[in-house]
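Residue-level listing of the chains:
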Amino acid sequence: MELDTNDLKVMGAVKKGITTFGGIKNGVNLKKDELVKILDILDNSELIRSSSSTGLFGQKKLIIELTGKGDEKIEEYLEILRDKWREMIDLAIAGERAQLDQIITENPYMVNMMVFFGVTDLPTLSRLNLRFLLEGKHLCYKCKKELKRFMQKFSVSDVRKFNFKLPRGMTTRDDLCADCFNKLTR
Ligand SMILES: [Zn+2]
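I will try to describe carefully the structure that is included in this document. (Residues numbered from 1 in each chain as written. Predicted model: local features only at pLDDT ≥ 70, side-chain atom pairs only at ≥ 80, totals over all residues.)

As for the overall build of the protein
Heads up, the rule is: For helices the rule is a DSSP run of H or I covering at least 4 residues; for strands it is a run of E covering at least 2, with both sets numbered from the N terminus onward. Radius of gyration means the value over C-alpha atoms here, while the globule rule gives 2.2 Å times the residue count to the 0.38 power. Each residue is classified by how many other C-beta atoms fall within 10 Å of its C-beta atom, where C-beta atoms are placed from the backbone; a count of 20 or more means buried, 12 or fewer means exposed, and values in between mean partly exposed. By the convention adopted here, residues make contact when the C-beta atoms placed from their backbones lie within 7 Å.
Scanning the protein from N- to C-terminus turns up nine helices and two strands. Taken from N to C terminus, the helices and strands of the protein fall in the order α-α-α-β-β-α-α-α-α-α-α. Whereas a compact globule of 186 residues would reach a radius of gyration of roughly 16 Å, the protein reaches 21 Å, over 25% beyond that. With respect to the three principal axes, the spread of C-alpha positions in the protein is 75 × 35 × 30 Å. Taking all 186 residues of the protein together, the buried fraction comes to 18%. Across the protein, the fraction of contacts at a sequence separation of at least 24, relative to all contacts at a separation of at least 6, is 47%.

Remarks on the pairing of strand 2 (residues 60-66)
Which entries qualify depends on this criterion: What makes two strands pair is DSSP finding at least two bridges between them.
As defined by bridge partners, strand 1 (residues 48-54) adjoins strand 2 across seven bridges and the pair is classed as antiparallel. Note on strand 2: the bridge partner recorded for I48 is L66. Between strand 1 and strand 2, which follow one another and run antiparallel, lie five residues, and G58 among them has a positive phi close to 85°.

Quick look at unusual backbone geometry
Even without being glycine, N29 reaches a positive phi, approximately 65°. Within the element layout of this structure, N29 appears in the loop between helix 2 (21-28) and helix 3 (32-44). For N29, a count of 10 C-beta atoms within 10 Å puts it in the exposed group. In the Ramachandran plot, N163 falls in the positive-phi region, its phi being about 60° despite a non-glycine side chain. Of note, N163 is situated in the loop between helix 8 (156-161) and helix 9 (178-182).

Thoughts on the packing of helix 1 (residues 5-15) against helix 2
Note the cut-off: In this description, a line fitted to the C-alpha atoms serves as the axis of each element, helices being fitted only across the stretch in contact, and the angle between N-to-C directions of two axes falls anywhere from 0 to 180 degrees. For classification, angles of less than 35 degrees are called roughly parallel, those exceeding 145 degrees roughly antiparallel, those between 65 and 115 degrees roughly perpendicular, and all remaining angles oblique. By definition, any crossing whose near helix is turned counterclockwise from its far helix by less than a right angle is left-handed, and any crossing with a clockwise turn is right-handed. Three categories are distinguished: nonpolar for Ala, Val, Leu, Ile, Met, Phe, Trp, Tyr, Cys and Pro, charged for Asp, Glu, Lys and Arg, and polar for the others, with Gly belonging to the last.
At a minimum axis separation of 10 Å, helix 1 and helix 2 run at an interaxial angle of 125°. What the angle tells us is that helix 1 and helix 2 run oblique. Seen along the crossing, helix 1 lies across helix 2 with a hand that is right-handed. Packed against helix 1, whose contacting residues are N6, K9, V10, A13 and V14, the element helix 2 presents I24, G27 and V28 at the interface. Per-class residue counts for the contact of helix 1 with helix 2 are five nonpolar, two polar and one charged.

Details of the packing of helix 4 (residues 68-93) against helix 5 (residues 97-106)
Here helix 4 crosses helix 5 at 150°, and the two axes come no closer than 8 Å. Judged by residue contacts, M88, L91 and A92 of helix 4 engage Q99, L100 and I103 from helix 5. Here the residues of the contact of helix 4 with helix 5 are counted per class, giving five nonpolar, one polar and no charged.

As for the nonpolar core
Put simply, the rule is: Under the definition applied here, buried Ala, Val, Leu, Ile, Met, Phe, Trp, Tyr and Cys residues are grouped into a nonpolar core through C-beta atoms within 7 Å. For every domain, the bounds stem from an assignment made automatically or drawn from a database.
Membership of the largest hydrophobic core comes to 21 residues, with the highest contact counts inside it found for V10, M11, V14, I24, L42, I48 and M114. If you list the elements that add at least two residues to this core, you get helix 1, helix 2, helix 3 and helix 6 (110-116). With five residues, helix 1 is the largest single contributor of residues to this core. Looking at which domains feed residues into this core, each of domain 1 (5-66) and domain 2 (71-133) gives three or more. Counting six residues, the second largest nonpolar core, distinct from the first, contains C140, F154, L176 and C177.

Some points on the environment of K37
If you trace the backbone, K37 turns up in helix 3. In this structure, the C-alpha to C-alpha distance between K37 and R49, residues twelve residues apart in sequence, is 14 Å.

Thoughts on the environment of R173
Locating R173 in the fold gives a position in the loop between helix 8 and helix 9. Looking at R173, the number of C-beta atoms within 10 Å reads 9, which means it is exposed. In this structure the C-alpha to C-alpha distance between R173 and Y141, which are 32 residues apart in sequence, comes to 9.5 Å.

Quick look at the structure:
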């Protein structure tokens, strides 16, 4: 079966030693019904096993563990992430921006998952100038600097309005920062 990012994150949380429903829910940032559904799928696929134990005050507690099969699956996935990360470092060093972009287009959440699983971390991504590979950040099309909410942004129509040369490959979904916009020529 094909696991999606949330399935893998739930299994990753369990692998990190978080075994309670509430702990996983907060660790992965999911709604209650979403997590119930995922746990159900993982349980049916024999990737996790759950048991209930009685807490200190007699309350029932659900304890979730990875099965051997589940643990194997996560280890396999981690191995893929580590290989991919090494490949991406090589591409970054070689300046192969287009190939890096291609990897992220095919798998938008891959670098987020690398951070989640500790294959890499945010300081390393910053140092290598690779933070733009994280999904959910809006970045300048040219320099890949993060465009924060109150920063000036320039779109394709701004570029056209001033008759500047449009950066190659820039689309209506992209924006430029003020610095890059000011460096454009006619
Ligand atoms: Zn820029």
